[in-house]
Every structure is written in C-alpha cells, then in structure tokens.
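These are the residues of each chain, in order.
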Amino acid sequence: MILDVRNIQTFYGESQALQGVTLQLEAGETVCILGRNGAGKSTLCNIVCGITDADSNSGDVQFSQVKHAPLSRKDAEAVGIRIVMQELNLIDDLSVAENLYFGSLPRKRGLVDFNTLYADAREVFGEMGLANVDPRVPLRELGVGQQQLIEIGRELLHPCKLLILDEPTAALTDPQIELLFEKIESLRAGGTSVIYVSHRMGEIRRIADRVSVLRDGESVLTSAV
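Everything in this summary refers to the structure shown in the same document. These numbers were taken from a predicted model, which means no experiment stands behind them.

1. Here's the deal with the side chain of Thr 192
Along the chain, Thr 192 falls in the loop between α6 (174–189) and β10 (193–197). A distance of 2.9 Å separates a polar atom in the side chain of Thr 192 from the backbone oxygen of Cys 160. Among residues more than four places away in sequence, those in contact with Thr 192 are Gly 28, Glu 29, Cys 160, Lys 161, Leu 162, Leu 163 and Leu 187.

Written as structure tokens, this is what we have:
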C-alpha cells in the first residue's frame, strides 16, 4: 500500500473540515474522490501534500509504509508526491518555457541557458499537445486550457510515486483530455498512483479503479467503480 490515511480530522477556525476521513491507495491504482463542493476533497488532498495540517490529535497518515506528516509542499515532493491544484500556480509575465521549468532552469556559466530551455520546452510541448506553442511567448498569451496543460506538464517533469489531480480537466478541450488520460495510463504502468478529484462521471468510469465519497467532511463510501 502506497498511501494509508486513517481517521484524520482538521479544522478551519471553529469549523471542522474533515471528520475521521479514511483513504487507502495501492501502487499503480487510481482512486477518484467524489463529493459536492465543501465536502472536504481538496482539504484531504492538501493534507497529503503538506499544504494543510491535519489536527495533531487525529489519526495517522502513512506513505510508502512510513509515517507521513509533511510540513510543506516541498516536504511532500521530496518523497515523491506531486499535486496539480485547481488554482493555477503560474506567472503571467514569464515566458511559457520559464513557467514550465520554474525552479529548475538550465544554466550555463551561472546564467540561464535559454537555448537549452526552449529546446527542452518544445520537446515537452510536443508530448502535451502544445507543439504549436512558442516557448518564448509570455504565459498570459495562452488560453486557460493551454495554461492548465503547462501546469500539469511541469509536475510531470519530476518523478513521482503519487500524483494528485484536483479537477484537472475543467478548462481542457476533449483532445487535451485524451492526452492527459494517456499520460495518466503511462504513469500508472510505471507504478505511479493517482488521486483524481472530479465531478465528471464519464471520466471517473474511464480511469478510476475505485471511488471514495466524502460528505460534509466524512468518508461515507469506498467502492469499486
């Protein structure tokens, strides 16, 4: 088992966001988390990714059979957990390529090696259905769906054991969704597990092994699709 979440809870002020939530995930498995807005789906994902803290008196989270209590998103990334959030974490005034490799820009003699950066970006864009995008243009010139693919592509540049996708297809076209699903299947074949948050039942039936339903911050159902 790659992820084992048992009876965790957390509060936002005096409001309890999660109440005894449980989630298990095997290597190479996709679990979809379902629930209406405010059910606690994103909060659960954020706890696994170190963005939100679980209550110190609540249950236990283990990742790769080791206690998992990341203090930051960077801590979670260090053990192989990546997340693509609903809110884009990109910078409009930087080029598309700089956004893609932000934090790991190729350098030569201490300066950014733009030739390598643009060549590497073009290769990634080809794999993400963005071959017609000029890596030198500012991000703000791209549509929302293209920006979403840049965000996804940036996370997929890094090896990961667990990929969390929080409503990733909201701004994507059908062909872009197909490319994303192909990427997910490729990752799963390599042993990566996926947590997928969505309201789209067709997507869930297609890619999920199991579903976990949250209601008002509680786990109310776990079932095979």
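Moving on from the coordinates now.
2. Structural notes on the pattern of salt bridges
Here the idea is simple: oppositely charged side chains can pair when their charged atoms come close. Tallied over the entire structure, the rule returns 15 salt bridges. A salt bridge links Lys 183 to Glu 127; its shortest N-O distance comes to 3.5 Å. Linking Lys 183 in helix α6 with Glu 127 in helix α4 (residues 114–127), this pair joins segments that are 56 residues apart in sequence. The partly exposed category is assigned to Glu 127, whose relative accessible area is 42%. For Arg 200, the salt bridge goes to Glu 203, with nearest N and O atoms at 3.4 Å. On the basis of relative accessible area, Arg 200 is assigned to the partly exposed category, the value being 36%. In this structure Glu 203 comes out as buried when scored by relative accessible area, which is 8%. A network of salt bridges, in which partner residues are shared, links Arg 73, Glu 77, Arg 82 and Glu 155.

3. Thoughts on the environment of Gly 190
Within the fold, Gly 190 resides in the loop between α6 and β10. For Gly 190, a relative accessible area of 66% translates into the label exposed. Sequence spacing of Gly 190 and Gly 28 is 162 residues, and the spatial spacing of their C-alpha atoms is 7.3 Å.

4. Here we look at the sheet that holds strand β6 (residues 81–84)
Taking strand neighbours across the sheet as the criterion, the six strands line up as β6-β9-β10-β3-β11-β12 in an open arrangement whose pairing is mixed. Either end of the sheet is taken by a strand with one partner, and the two such strands are β6 and β12 (218–224). Across the sheet, the axes of successive neighbouring strands diverge by a mean angle of 15 degrees, strand direction being ignored. Where strand β3 (residues 30–34) and β10 come together, four bridges link them in parallel fashion. For Thr 30, the partnering residue across the bridge sits in β10 and is Val 194. Against the sheet, helix α5 (residues 144–156) engages β6 and β9 (162–166), with an angle of about 180 degrees to β6. Against the sheet, α6 engages β3, β9 and β10, with an angle of about 145 degrees to β10.

5. Looking at α5
Along its 13 residues, α5 runs 19 Å from first to last C-alpha, staying within 8% of the 18 Å computed at 1.5 Å per residue. A large share of α5 lies buried, amounting to ten of its 13 residues. Residues of α5 that are buried: Gly 145, Gln 147, Gln 148, Leu 149, Ile 150, Glu 151, Ile 152, Gly 153, Arg 154 and Glu 155. On its buried face, α5 is in contact with α2 (73–78), β6, α3 (96–100), α4 and α6.

6. Remarks on the environment of Gly 20
Position of Gly 20 relative to the elements: it lies in strand β2 (residues 15–25). Given the relative accessible area of 31%, Gly 20 is considered partly exposed. Taking the C-alpha atoms as reference points, Gly 20 and Ile 47, separated by 27 residues in sequence, lie 13 Å from one another. In contact with Gly 20, not counting residues within four places along its chain, are Asn 7, Ile 8, Gln 9 and Ser 219.

7. Focus: the nonpolar core
Counting 37 residues, the largest nonpolar core has Phe 125, Ile 184 and Tyr 196 as its most contacted members. The biggest single contributor to this core is α4, with five residues. Excluding its chain neighbours within four sequence positions, the residues that come into contact with Phe 125 are Val 96, Leu 100, Leu 130, Ala 131, Val 133, Pro 135 and Ile 150. In terms of nonpolar packing, the next biggest core, distinct from the first, is built from 27 residues, Leu 25, Ile 47, Val 48 and Val 197 among them.

8. Some points on the side chain of His 68
One can find His 68 in the loop between β5 (66–67) and α2. Taking the relative accessible area as the measure of exposure, His 68 reaches 10% and is therefore buried. Beyond its immediate sequence surroundings of up to four residues, His 68 is in contact with Val 48, Val 61, Gln 62, Phe 63, Ala 76, Val 79 and Ile 81.

Scoring rules and cut-offs
- Residues numbered from 1 in each chain as written.
- Predicted model: local features only at pLDDT ≥ 70, side-chain atom pairs only at ≥ 80, totals over all residues.
- Heavy atoms only, no water.
- Helix = DSSP H or I, 4+ residues; strand = E, 2+ residues; numbered from the N terminus.
- Polar contact = N/O pair within 3.5 Å; in protein donor to acceptor, adjacent residues only side chain to side chain.
- Contact = heavy atoms within 4.5 Å.
- Salt bridge = Lys/Arg side-chain N within 4 Å of Asp/Glu carboxyl O.
- Buried < 20%, exposed > 50% of the residue type's maximum accessible area, 1.4 Å probe, protein only.
- Pairing = 2+ DSSP bridges.
- Axes fitted to C-alpha atoms, helices over the stretch in contact; angles between N-to-C directions.
- Expected span 1.5 Å × (residues − 1).
- Core = buried A, V, L, I, M, F, W, Y, C linked by side-chain atoms within 4.5 Å.

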